Amino acid sequence: MSLPQETPLLDPGVAERVIARTLQNGGDFAEVYAERRHGLSVQFDDGRLEGASDGAEEGVGVRLVVGDATYFGHVDSLAEPELIELAQSLSQASKSGASKEVTLVSAARVAPQRVTLPPEEVELVAKIEMLRACDETARAAGGEITQVSAGFGENRRTVTIYNSEGLATGDDRIRVRLAVQAIAARDGRIENGTETLGGHVGYELIADDPTKIAASAARKALTALDAVPAPAGKMPVVVGNGFGGVLLHEAVGHGLEADAVQKGASVYAGKIGEQLAPKFVNAYDDGRKPGEWGTDGIDDEGMPTQQIPILEDGVLGSFLHDRRSAQKDGVVSTGNGRRESFRHLPVPRMTNTYFAPGDEQVADLIEAAGIGLYAVSFGGGQVEPATGDFVFGVSEGYLIEGGRVTKPVTGATLTGNGLAALWQIEAIAGDLKLATGYCGKAGQRVPAGVGQPHVLLRELTVGGTA
């Protein structure tokens, strides 16, 4: 049998023996998840190289499911004796019946993401010089730029997955990310600006023009020096594209993860098929979107990733499932079972979550807002999934006066409720853009893409100090 990847981390024969040993005392399901990863991180602070570190590890996680109970263990090794020992230990948890024979069948090969220039083929010195150029570009933006921090990261994860249903599959994942933070100071006032660029792609993403990321970070910091106190009260809000999509991710997306729904911890429970937004609103979780930060060929249970319509013509279309939550609801997994590493269990997670583009122009949204707030990007925030209530800090925002963007503002927050906010969507522009982020849940951190076009909300509560 050949696997749908060039070189499986673990021989299928070894996997069959490990699964068989795990199920020797019975059980409903067993899984072997093998992983090898290599990463490099380079940090350039205040005009000098702060450090460069790389690391590699490999290991296997083995899962046994008996009824509603899950038993899990992992080893930092791919060696069969250690895997058999782990399987033997896990098998003691089951007293449910006879052993099971397993025959693995290779899954269809998933289309790999396009990588033109693997990052490991680029010399370290070139990456350092790239960060140096970012530092110089940000400092050249103005004498008020006092600090610059630029970081580059690359990561390659190869995974091979087998389970007792016969699945044999794998994936090869390469991600790169550049992040720049600039600090500006004037008359005792200190502001910062950040910008990131990343994706499930090769170094070609960074090599194109890395200094534009530095220039954007510096512009944000310098602009913030002139910011006025944000207004307070209910008003129209235009949310920017790209990282503005974190509002959808946090205020809506987490409530659609099926484990939260099944625990009764989501305001969206029981609402599949209900009209939750105007008919022109469509939104997706799309784990197969080419080159994006949250994209993979398969999820961490071996299910091919998909484009899931979470809102279709304003109607709630689907929750986001891993294997176990899907079985509980009697549906098929949506390919959202994700885990941080072989040391973790998969749980339902978003991949790339975004509003679909509309037909409007950004200028028309600003003009229609009249007097309000232009929230370009967000900092920290909090969401209560059980109620949908949220509060977010606006990291880059501007006044909208007379249908035009005018002064930058500081200290703005947005508060509201996810369900209510969906009905406040007045118009959506056509400039869809996705940004990079890391999503934390259940003690695990995974890359997640967030995004949207510009969106006009008829009314949100803005917390300000003006």
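Colleague: Please give an account of the pattern of salt bridges that cites residues and values.
Modeller: Under the defined criterion, the tally for this structure stands at 32 salt bridges. Here arginine 339 ties to glutamate 31 by a salt bridge, and the two come within 2.9 Å at their closest N and O atoms. In this pair, arginine 339 sits in the loop between β13 (337-338) and β14 (347-348) while glutamate 31 sits in strand β1 (residues 29-45), placing the two residues 308 residues apart along the sequence. Glutamate 31 sits in the buried class, given a relative accessible area of 1%. Among the ionic pairs, glutamate 35 bridges to arginine 157, the shortest N-O distance being 2.8 Å. Taken together, the residues span a long stretch of sequence, with glutamate 35 in strand β1 and arginine 157 in strand β5 (residues 145-163) at a distance of 122 residues. Among the residues examined, glutamate 35 registers a relative accessible area of 0% and is labelled buried. By relative accessible area, which is 8% here, arginine 157 ends up buried. By sharing partners, the salt bridges in this structure join Glu35, Arg37, Glu57, Asp76, Arg157 and Arg343 into a single network.

Colleague: Mind laying out the sheet that holds strand β12 (residues 315-316), listing which residues take part and the relevant values?
Modeller: Taking strand neighbours across the sheet as the criterion, the six strands line up as β12-β11-β10-β15-β22-β21 in an open arrangement whose pairing is mixed. Every interior strand has two partners, whereas the edge strands, β12 and β21 (433-441), have only one. With four bridges connecting them, strand β10 (residues 283-286) and strand β11 (residues 307-312) associate as antiparallel partners. Bridge pairing in β11 places alanine 283 opposite leucine 311.

Colleague: An account of helix α3 (residues 124-140) is requested, with residue identities and associated values reported.
Modeller: Between its first and last C-alpha, α3 extends 24 Å over 17 residues, near the 24 Å set by a 1.5 Å rise per residue. Those residues of α3 that sit buried are Lys127, Ile128, Met130, Leu131, Cys134, Asp135 and Ala138. Summarising the axial view, the buried residues of α3 lie within an arc of 155°, below the 170-degree limit, and thus occupy one face. Exposed side of α3, more than 90 degrees from the buried face: Val125 and Ala140 are the residues found there. Looking at the buried positions of α3, the neighbouring elements they touch are β1, β2 (48-66), β5, β6 (167-186), α4 (204-207) and α5 (211-224).

Colleague: Account for the environment of valine 159, with residues named and values stated.
Modeller: Structurally, valine 159 is set in strand β5. The class of valine 159 is buried, set by a relative accessible area of 0%. With 183 residues separating them in the primary sequence, valine 159 and phenylalanine 342 have C-alpha atoms 9.0 Å apart.

Colleague: Summarise the pairing of strand β17 (residues 389-401); cite the residues concerned and give the values.
Modeller: One face of the sheet, then the other: side chains in a regular strand alternate in exactly this way. Two strands pair when backbone bridges link them, and strand β16 (residues 372-384) and β17 are joined in this way by 10 bridges, in the antiparallel orientation. Each bridged residue has a counterpart across the sheet, and for glycine 381 the counterpart in β17 is phenylalanine 392. Pairing analysis gives four bridges linking β17 to strand β18 (residues 404-410), with the strands arranged antiparallel. Looking at β18, one finds that glutamate 401 is bridged to arginine 404.

Rules of the game
Residues numbered from 1 in each chain as written. Predicted model: local features only at pLDDT ≥ 70, side-chain atom pairs only at ≥ 80, totals over all residues. Heavy atoms only, no water. Salt bridge = Lys/Arg side-chain N within 4 Å of Asp/Glu carboxyl O. Helix = DSSP H or I, 4+ residues; strand = E, 2+ residues; numbered from the N terminus. Buried < 20%, exposed > 50% of the residue type's maximum accessible area, 1.4 Å probe, protein only. Pairing = 2+ DSSP bridges. Expected span 1.5 Å × (residues − 1). Arc of directions from axis to C-beta. Contact = heavy atoms within 4.5 Å.

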